[in-house]
Structure formats: structure tokens, C-alpha cells
Amino acid sequence: MTIEEFKQLIDAGAAKVPADMVIENGTLVNVDTAEYYPADVAIYHDKIVAVDDDVDDYVGPTTKRIDATGKYLVPGMIDGHIHVECSKMSMTRFAQATVPRGTTSIVSGLDEYISTIGLAGLDEIFAEIDQSPLKVFWGLPYKTPYTIPKSTIKYDVSAKDHQRLQPNEKCYGVWETVREAVETKDPDTLNAILAAQKNHKPIFGCSPMATGKALNQFLMSGVHIDHESYSHEEFLEKARKGLHVVIRESSVTQFLKENIRAITEGAPGVARHTSFCTDDVNARDILAHGHLDHMVRLAIRAGVCPMTAIQMATINGAEAYHIDDQVGSIAPGKAADILLVDQPGTFNVETVISKGKLISENQQVIAAFNPPHRSEQLRGKLAHELMQPQDFDYHVTQLAGTATVRTIHSVGPFVRKAQDVELAIQDGVVLPDPAKDVAAVSVIERYGINGNQSHGFLSGWSFKRGAIATSASPDDNNLVVAGVSAKDMALAANTLIESGGGQVVVIDGKVIALLELPIAGITTDLTPEQLAQKEIELKEAAEQLGSRLPDPLFYLSFLPITAIPDLAITDSGNVDYTQLAYFDPIQKISSPTEKS
């Protein structure tokens, strides 16, 4: 903002410059004071300049007037922690899916883009964000990769990046600081935290299942916010120890029903220090249920009063992330992000204003969502040669017999445990066994850095045939392939290598479903509706493999996240996160003459 623009804004507050838009005859939901009362709102450019019982003095000949009779005026909602890239939607398409549903701001690390295109590539992403109606408050990841031990990505964020970028006006804090990085006293992490303390930037934490001494140790870092609580007891302990706690309701991890008990059954005062996030959400769920508006409705159904639920979606998060000077409430000087809803108790978002522009009116989208031209830098390329079926065989020195293997057993989207299973060895290859619910899995480094490829085994997936693959796979977005047929695994991998990234299902040598992700190999400019249809096709195709998981491609994409208890797999190997170390899937090999 130039000083002349600043002067104009000040004059607009005094009604010396006509407003661009006024909202009249509505009932204000004042989240600062927890009040409902009649109020009119005047907007100049992208700022609120008046909230009074009458704004006639702000109306000029070209001022747009919106009649909000019978409607409630609510601040635009804030998603406190989200990996937009995990939705597979580009920033423009994600805004198209969420802003008309009332989400006008998000907090994100854009970390999946960093892993694939590096920090320099974010300039193009930020330019896209500036042209969209969605605000993105960016936190620089504490470091990348997040994986412990370290996997391979395009760019490693280090303490030097924090020294350079934390003072930048685009940086609002330190993103996704995991407890284990503090526990191990990782030098890059500690230096990033010390820089944040110097720059007065909040530290966003990630400490699933941390309680007692482990939590106390984590809090020594000065972490301010945490979005990972698996139980209401854990949630309550974190709140009692001073953390701002964020309830997560993603596409595969619905924790609101459990976490909200810390408020409805524990301590009601926790609510004022609680906000919402979706973390990882897909297009079809947003279209079917909503986004943060869905979370508000769920909280109300769980027994939270409407005002409190709305505060949790707005001002609470704004204060926690130190952005309440810009967003979170409807007040002069704040961003013109305003929702018109039918009633606080039912919370149906009918009209949305974001960045001072009318985005939707009476649930009809008015704004245009046009993705920008994509540079060569953003076009997905998997830097790997085409693969052969034998590349997916797990070779051992013994030609025949059996092997006791440690599988990565999925017992939930965010819980993976060890399960030992005996498999046959044939011609020196340990064979996956559909009858024993064991599939093969492999992660291939996709950046052309070291050519890593790991091999392991999965259980709990019920695969009977075929293979699936994804190049959208946080935290490193390498190529992940799983299946019970080496030929189908090779075809799945090659299809994505040739497509420049995506997700695919292969059965008996045929591609059954394919979603291409041409932007950095992880996102697409398909409309939310088109993407949702592709997601349905992939899910139905994966079910043809025999899988009974709620969303096999989602589960597959999360396999390289080492922080998910207990086991994971990256391009560097199979990981036991309880030990912060690699493990050998082959526990024992027996000859044909030995007893199992």
C-alpha cells in the first residue's frame, strides 16, 4: 500500500470517500464480544471501513448495496492448518471449492510445493494466490524433509532459509514443527525456533499422542499451536498447558467428534483457545459436505453453542496465528471477508464477500476462477527412466523356502503397526500373498537426485490383484507403488512417469483409472467437480483390486509420512518411527527343509 492509498483508506473510514459496497439490514455476529445485534457494514476496496447501525453517509452514486434482511453477518472463516496440495487441486481450484462455502483464509506451509519445486518456485504460487479470492497465511516449514530418517526431495529447507525468510512479510510463522525434531535436538530445527523467537513469529506444532513428559519437553521449544490430538484427554492436557489446540476434520481423519469432548465434557473454557482445520481434504468431500462450514455445523450438533462454534472458525484462529489485525472479525480496518448465513444454528452460507469482492450470492457463484498459465518449472516431470517388472521384486540370496517379513499393517488412516507374516520365496524373490493379505510396496525417488528405490510389504489392504500408484505422496512426493503383481506395478509406475505425475489403478495389464496431476506432479487445474469425479473413478477402480479401505489412494499417498505411528516407507527404506530408524522387512529366512 502506498501512502496515498493509505490516506484514501483513512478518508474512507471518515465517509469522505464513498464506499464500494454496503451491506444493510443484517444481524452482526460479533465474535469479539459474543453478541448478536443489527448492523450495517461499509466496504472500501478490500477493507471494512464502518460497522454501524446506519451507513448511509458512506453510500455514493456507484456504491453497491446488498440487502441482508433476515441474514446474519459472519466473518470469513480461517482454516488453521491445511496442505492444499493434498487436495490435488491447484490454488485457484481450491479457492473455487472453498471460498463460496465461506473459507476465506487458510494457514499453510505450501510444503508439498517446496518438496517438488523448491522455495524459488513459490514465487509463481504466491502470484497465483494474489489473483485468487483466498488469503493464504504462509508459515515456513521448520525444515524439509519432515521424514526421520531423511528422505529425498527437491529442496531441503534449512536454518539458513529461516534466517533469510522469516523477516519477510509473507512469512507468518514456523510451520509443522514436529515433536521428534525437538526431542532429538535437531540443529536446523532449534536454529529455526530461535530465529522465530527473535522475529516474534509463532511456532506451529505437530505432536500426535504427546502427553506428560513428552509434551512438557516439546513445550520447551515455545511452540504455540498444535493440530494433532488423537483423544479428548490429550486435547485437554495440551490446552491446560497453554497450547492453542486445533481440531482436525480431514477426509480420512475425523477427530472433531472425539476432540470436542474436551469442551462439552471437560472444560468449557477450552473453546476460546480452540480453532478448526481440515489438514488434508479432497474435492469430493468438500462438494458433498462443505469445508469449515461443515465443521461449524458438526460442532453445533455436538453440543457447542453457535456463537462459540463460529468463534472457533474465525477469531480464535486469527488470534492464535497472530493475524487478528487482518482477519477474524467484522470490524473497521479488517479485511472485507464477510459471509451472509441463514441462522447461526443451521449455518448455511448463502453469500460470500472475500477481499472486498462478491464471490457468491444466494449460493450462486459469481466470481470467475481462471487458473494462470503454468510455466515449465511447474509442469510435472518424474525424472526416472521407465521401469521393468523385475524392478519391483524383493530379492533375497536364498532361492527357495520362506521368509518371515515385517509388514506395514494399516489399522487406520493414521495408525500403522508391525505385523509379521511368513511368505514364500521363489527363484530368490519373496512373493506377496493375497491369501495372507500381503502386498508389495515400493517408493521410487522421482527427482533424478540419487535413484533410490525401496521395497517393502503391506498388510490390511485386502488386495487380490493389480496395483496402484501415486506421485502425490507427502511428505516427499516421490513415486509410491503398491500391488500384488510386479507387471501391474511396473505399468502403474510407467503410466505416471509418462504422464508427469498422478494417480493410477492397474489390473491385469490394463489402466483402469488415471488422474493426471501435471502441476509439479501433485496437483491439477481440473475443476473441483471434474476432480471429484476422477476421485470416485479411482476409488471404485481400487475396490476392484479387492481393497476394503475407505480410500486406498489416500492411504497410499500417506505411506511415506514417517510421523504416522508406527511404520512408514520412504525412498530410503522402511522406517520404524518409534525408533527413528530404518528396519529390515526380512526378519528371518528359512530353507525348504526347516520348519517355519
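Parameters at a glance
- Numbering of residues starts from 1 in each chain and follows the order in which that chain's sequence is written.
- It should be noted that, the model being predicted, local features are given only for residues of pLDDT at least 70 and side-chain atom pairs only at 80 or more, the latter also being counted only at that level, while totals for whole chains, interfaces and linings use all residues.
- Only hydrogens and water are removed before side-chain values are computed, so all heavy atoms of the structure are retained for them.
- Strands are runs of DSSP state E lasting at least 2 residues, helices are runs of H or I lasting at least 4, and numbering of each runs from the N terminus.
- When a residue's accessible area, from a 1.4 Å probe over protein chains only, is under 20% of the maximum for its type it is buried; when over 50% it is exposed; and in between it is partly exposed.
- Residue contacts are counted whenever heavy atoms from the two residues lie within 4.5 Å of one another.
- Working definition of accessibility: Shrake-Rupley area with a 1.4 Å probe, residue cover restricted to the visible protein chains.
- Only four residue types enter the charge count, namely Lys and Arg as positive and Asp and Glu as negative; His and the chain termini do not.
- Where a charge lies is defined by one atom per residue type, namely NZ (Lys), CZ (Arg), CG (Asp) and CD (Glu).
- UniProt positions are given in the numbering used here, feature names are shortened, and annotations may be inferred rather than shown by experiment.
- For patch detection, residues must exceed 30% relative accessible area and be free of salt bridges, and they are connected within 9 Å for like charges or within 5 Å for nonpolar side chains (Val, Leu, Ile, Met, Phe, Trp, Tyr).
- Every case where a carboxyl oxygen of Asp or Glu lies within 4 Å of a side-chain nitrogen of Lys or Arg is listed as a salt bridge.
- Any two strands with at least two DSSP-identified bridges between them are counted as paired.
- Stacked, tilted and edge-to-face pairs are distinguished by plane angle, under 30 degrees for stacked and over 60 for edge-to-face with tilted covering the rest, among Phe, Tyr and Trp rings (Trp via its six-membered ring) whose centres lie within 6.5 Å.
- Whether a charge sits over a ring depends on NZ of Lys or CZ of Arg being within 6 Å of the ring centre and within 35 degrees of the ring normal.
- Fitting a line to C-alpha atoms yields each axis, with helices limited to the stretch in contact; the angle taken between N-to-C directions then spans 0 to 180 degrees.
- The sense of a crossing depends on the near helix, which, turned anticlockwise from the far helix by less than a right angle, makes the crossing left-handed and, turned clockwise, makes it right-handed.
- Nonpolar residues are Ala, Val, Leu, Ile, Met, Phe, Trp, Tyr, Cys and Pro. Charged residues are Asp, Glu, Lys and Arg, and all others, Gly as well, are polar.

## Looking at the overall build of the protein chain
So, step 1. Each helix and strand counted, the protein chain has 18 helices and 31 strands in total.
So, step 2. For the protein chain, the spread of C-alpha atoms along the principal axes amounts to about 95 × 50 × 45 Å.
So, step 3. Taken across its 596 residues, the protein chain has 62% of its residues classed as buried.
So, step 4. Long-range contacts, defined here as pairs at least 24 residues apart, represent 69% of the contacts in the protein chain between residues at least 6 apart.
So, step 5. When the accessible area of the protein chain is evaluated, it comes to approximately 22200 Å², of which 50% is carbon and sulfur surface.
So, step 6. Positive and negative charge centroids in the protein chain, built from 51 and 78 side chains respectively, lie 3 Å apart.

## Description of the UniProt feature "domain: Amidohydrolase-related" (unreviewed entry) in the protein chain
So, step 1. If you check UniProt for "domain: Amidohydrolase-related" (unreviewed entry), the listed places come out as residues 72–358 in our numbering.
So, step 2. Structurally, residues 72–358 comprises 37% helix and 19% strand, and the distance from its first C-alpha atom to its last is 16 Å.

## Comments concerning a nonpolar patch on the surface
So, step 1. Judged by side-chain polarity, Met-1, Phe-6 and Ile-10 come together as a nonpolar surface patch covering roughly 360 Å² of accessible area.
So, step 2. Within the secondary structure, Phe-6 sits in helix α1 (residues 3–13).
So, step 3. On the basis of relative accessible area, Phe-6 is assigned to the partly exposed category, the value being 46%.

## Regarding the pairing of strand β20 (residues 415–426)
So, step 1. Pairing analysis gives 12 bridges linking strand β19 (residues 400–412) to β20, with the strands arranged antiparallel. The partner of His-409 across the bridge, within β20, is Lys-417.
So, step 2. Linkage of β19 to β20, two consecutive antiparallel strands, is achieved through a turn of two residues.
So, step 3. Taken together, the two bridges between β20 and strand β21 (residues 429–430) define a ladder with antiparallel strand orientation. Looking at β21, one finds that Ile-425 is bridged to Val-430.
So, step 4. Taking the residues that link successive antiparallel strands as the turn, the β20-β21 hairpin has two residues, and the phi of Asp-427 there is positive, at about 55°.

## So, the packing of aromatic side chains
So, step 1. What the rule picks out here adds up to 10 aromatic pairs.
So, step 2. Geometrically, the ring pair formed by Phe-126 and Trp-138 is edge-to-face, given 5.6 Å between the ring centres and 80° between the ring planes. Remark: Trp-138 occurs in strand β8 (residues 135–141) and Phe-126 occurs in helix α4 (residues 122–130); sequence separation between them is 12 residues.
So, step 3. Clustering of aromatic rings is evident, with ring pairs tying together Trp-461, Phe-463 and Tyr-555.
So, step 4. The ring of Phe-126 is capped by Lys-170, whose NZ or CZ atom sits 4.8 Å from the centre of that ring.

## A word on unusual backbone geometry
So, step 1. In this chain, Thr-144 is followed by Pro-145 through a cis amide linkage whose omega measures -5°.
So, step 2. The step from Ile-148 to Pro-149 runs through a cis peptide bond, and the omega angle for that step is -5°.
So, step 3. If you trace the backbone, Pro-149 turns up in the loop between β8 and α5 (159–165).
So, step 4. With a phi angle near 50°, Phe-347 is a residue other than glycine that sits in the positive phi range.
So, step 5. Residue position: Phe-347 is located in the loop between β14 (338–341) and β15 (349–354).
So, step 6. Owing to a relative accessible area of 1%, Phe-347 belongs among the buried residues under this scheme.
So, step 7. At Leu-580, a position not held by glycine, the phi torsion is positive, near 55°.

## Brief notes about the UniProt feature "domain: Adenine deaminase C-terminal" (unreviewed entry) in the protein chain
So, step 1. Under the local residue numbering, the UniProt record ascribes the feature "domain: Adenine deaminase C-terminal" (unreviewed entry) to residues 416–579.
So, step 2. The distance separating the terminal C-alpha atoms of residues 416–579 is 14 Å; by composition the span is 22% helix and 35% strand.

## Details of the sheet that holds strand β9 (residues 171–178)
So, step 1. Spatial strand order, β6-β7-β8-β9-β10-β11-β12-β13: eight strands in an open sheet with parallel pairing. Pairing within the sheet leaves two strands with one partner each, and these edge strands are β6 (77–79) and β13 (274–277).
So, step 2. By the bridge criterion, four bridges tie strand β12 (residues 244–248) to β13 in an arrangement that is parallel. Across the sheet, the residue bridging to Val-246 is Ser-275, located in β13.
So, step 3. Running at roughly 155° to β12, helix α9 (residues 232–240) makes contact with β11 (225–226), β12 and β13 of the sheet.

## Points about the packing of helix α13 (residues 292–301) against helix α14 (residues 306–313)
So, step 1. At a minimum axis distance of 9 Å, the contact between α13 and α14 shows a crossing angle of 145°. Where α13 crosses over α14, the handedness of that crossing is right-handed. On the side of α13, the interface is formed by Val-296, Ala-299 and Ile-300, while α14 contributes Pro-306, Ala-309, Ile-310 and Ala-313.
So, step 2. The residue inventory of the contact of α13 with α14, partitioned by class, reads seven nonpolar, no polar and no charged.

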